[in-house]
Amino acid sequence: MKIDGQHYRTIWLDSDDDTVVCIIDQRPLPHQFIIEALHTVDDVFVAIRDMHVRGAGLIGAAGAYGMYLAAVDAVSHDNPLAIIKRAADKLKSSRPTAVNLSYAIDKQLDCINNVLSMSDIPAKTKTLAQTIADEDAQACFSIGQHGFPLIRYLSEQKKGQPVNILTHCNAGWLAFVDHGSATAPIYASHDAGIDVHVWVDETRPRNQGSRLTAWELEQHGVPFTVITDNTGGHLMQNGLVDIVIVGSDRTTHTGDVANKIGTYLKALAAQDNDIPFYVALPSSTFDWVIQDGCKDIPIEQRDGDEVKHIQGLDGNTLKSVLLTTRESNTANYAFDVTPARLVTGLITERGICKPNKASILQLYPEKRVND
Ligand code: MRU
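This report concerns the structure included in the present document. Quick caveat, the model's predicted, so the values are computed rather than measured. Within each chain, residue numbers correspond to sequence positions counted from 1 in written order. In keeping with the predicted nature of the model, local features appear solely for residues at pLDDT of at least 70, side-chain atom pairs appear and are counted solely at 80 or more, and the whole-chain, interface and lining totals rest on all residues. Excluding hydrogens and water, the side-chain figures rest on all heavy atoms present in the structure.

Turning our eyes to something else, we now look at the sheet that holds strand E17 (residues 345–348). Read from one edge to the other, the open sheet built from seven strands follows the order E8-E7-E6-E9-E12-E17-E18, with strand pairing classed as mixed. Two strands in the sheet have a free side with no partner beyond their single neighbour: strand E8 (224–227) and strand E18 (351–353). Neighbour-to-neighbour, the strand axes of this sheet turn through a mean angle of 25 degrees, independent of strand direction. The pairing criterion for strands is at least two bridges between them, as found by DSSP. A run of DSSP states H or I qualifies as a helix once it reaches four residues; a run of E qualifies as a strand once it reaches two. Both are numbered from the N-terminal end. The pairing of strand E6 (residues 163–167) with strand E9 (residues 243–246) spans two bridges and is classified as parallel. Within E9, the residue paired with Ile165 across the bridge is Ile243. Note on contacts: a residue pair is in contact if any heavy atoms of the two residues lie within 4.5 Å. Fitted lines through C-alpha atoms serve as axes, helices being fitted only where they are in contact, and the angles separating the N-to-C directions of these axes extend from 0 to 180 degrees. Together, E6, strand E7 (196–201), E9, strand E12 (277–280), E17 and E18 form the strand contacts of helix H5 (residues 121–157), whose direction differs from that of E17 by roughly 130 degrees. In the packing of helix H9 (residues 263–272) onto the sheet, contacts are made with E6, E7, E9 and E12, and the angle to E12 comes to roughly 145 degrees.

What follows covers the site of the ligand. Taken together, 17 residues lie near the ligand, and Arg54, Arg95, Asp249, Asn259 and Lys260 sit nearest. Between the ligand and Asn259, the relevant distance is 2.7 Å, taken from an oxygen atom to a side-chain nitrogen or oxygen of the residue. At a separation of 2.6 Å, an oxygen atom of the ligand approaches a polar side-chain atom of Lys260. With residues, only the protein chains shown are counted as cover, and all accessible areas are computed by Shrake-Rupley using a 1.4 Å probe. When the free accessible area of the ligand is taken as 400 Å², the share hidden by the protein chains comes to 100%. Under the convention adopted here, Pro, Cys and the residues Ala, Val, Leu, Ile, Met, Phe, Trp and Tyr are nonpolar, Asp, Glu, Lys and Arg are charged, and Gly plus all remaining residues are polar. Of the residues belonging to the shell around the ligand, the class tally is seven nonpolar, six polar and four charged. Segment limits for the domains were obtained from an automatic or database-derived domain assignment. The residue makeup of the shell around the ligand includes at least three contributed by each of domain 1 (2–135) and domain 2 (148–370). Consider each residue's heavy atoms; a residue with any of them within 4 Å of a molecule or strand counts as near. In protein, a polar contact requires one atom able to donate a hydrogen and another able to accept it; more generally it is a pair of N or O atoms within 3.5 Å, and residues adjacent in sequence count only if both atoms are side-chain atoms.

With that settled, the discussion passes to the state of the cysteines. Working definition: a disulfide is two cysteine sulfur atoms within 2.5 Å of each other. Counting across every chain of the model gives zero disulfides. Here Cys169 stays unpaired: no disulfide links it, and the sulfur of Cys140, its closest cysteine neighbor, is 14 Å away. Note on classification: 1.4 Å probe, protein chains only; a residue is buried when its accessible area is under 20% of the maximum for its type, exposed when over 50%, partly exposed between these limits. Given the relative accessible area of 6%, Cys169 is considered buried.

Taken in spatial order, the three strands make up an open sheet running E3-E4-E5, and their pairing is antiparallel. What marks the edges here is a single partner per strand, and that holds for strand E3 (11–13) and strand E5 (34–38). Pairs of neighbouring strands in the sheet enclose a mean axial angle of 30 degrees, with direction left out of account.

Here the focus is the side chain of Glu300. Among the secondary structure elements, Glu300 is positioned in the loop between helix H10 (293–296) and helix H11 (305–308). At a separation of 2.8 Å, a polar atom in the side chain of Glu300 contacts the side chain of Arg95. The residues contacting Glu300, other than those within four sequence positions of it, are Arg95, Pro96, Thr97, Asn332, Tyr333, Ala334 and Phe335.

Below, the structure written as structure tokens:
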């Protein structure tokens, strides 16, 4: 992705010291662009838990780099495997819903278990962290290529009039290592000269839509309009949405989709108005074990202060202000689950499939062994 014309990924190793992990701190965006250096597993844990980095793909990559930092530290101690195990458990506990985190950490654990000499684990885990990051970026690019024909078709149907796409939260390049999932087909279409316009749900309480998706789209030159979270249904009723594309934090191999809170309501409105509702995800976001997403996907509950406060600029100063009475009770569910029956299709790095076991396993036949 390009920020003010310069290419960035969302996570990388410092070119002067490869034991330092660099990230873009997403908390002050879009008002301040700050690169943060992470030196330890604890730094990575805090960065994920407190959402300096966020989004399914990026927290997976961050978890992988966190395991590399754990390996660098572990080799200078007596019982490196115990240190590695503690680091893995701690990192996994930082955010419960997105499955990419445990996917990446388990890959690192497998790699460490297969290493013959402990002195090799820093180099091996470093290579694997970079591979996981590269695969995430490549998968998102491919999602863009597979999703592009959906938008091109709508553009043809509309004889070149702008295709209106509604998206929720931030499933853009900030949520991954590059390109994004839901945004990848949008960027691919825009780059191919198709007229697109994006309705951006603000996505309370942390406003990943109005702060992050809007900023990304602006950086890329894609036309967009920020709307409050309750606006989508009205737009759909009035013919102002052609397609909904959202991301996912965990999708069961039966097609149920956990995504940012509020996604389910958009899916209901889309079905009521006969609007295609697509979910874009890399295969690292599939849960190959859980069958019933509505019952079994763990839903993160975050601090109620996120609901009670809102952050913005006061002059040039970033401030958080209280919206409610100090005593208000709050509930802050971070995700909800959209059942497969409300999803039109899944856009993956291998192509588009239906949200059901047979269709998903047709794209990922190597997963049939767990079936
Ligand atoms: O709580 P967040 O910001 O980490 O939420 C995750 C998300 O970015 C969204 O749910 C997104 O749509 C999923 S795609 C990474």
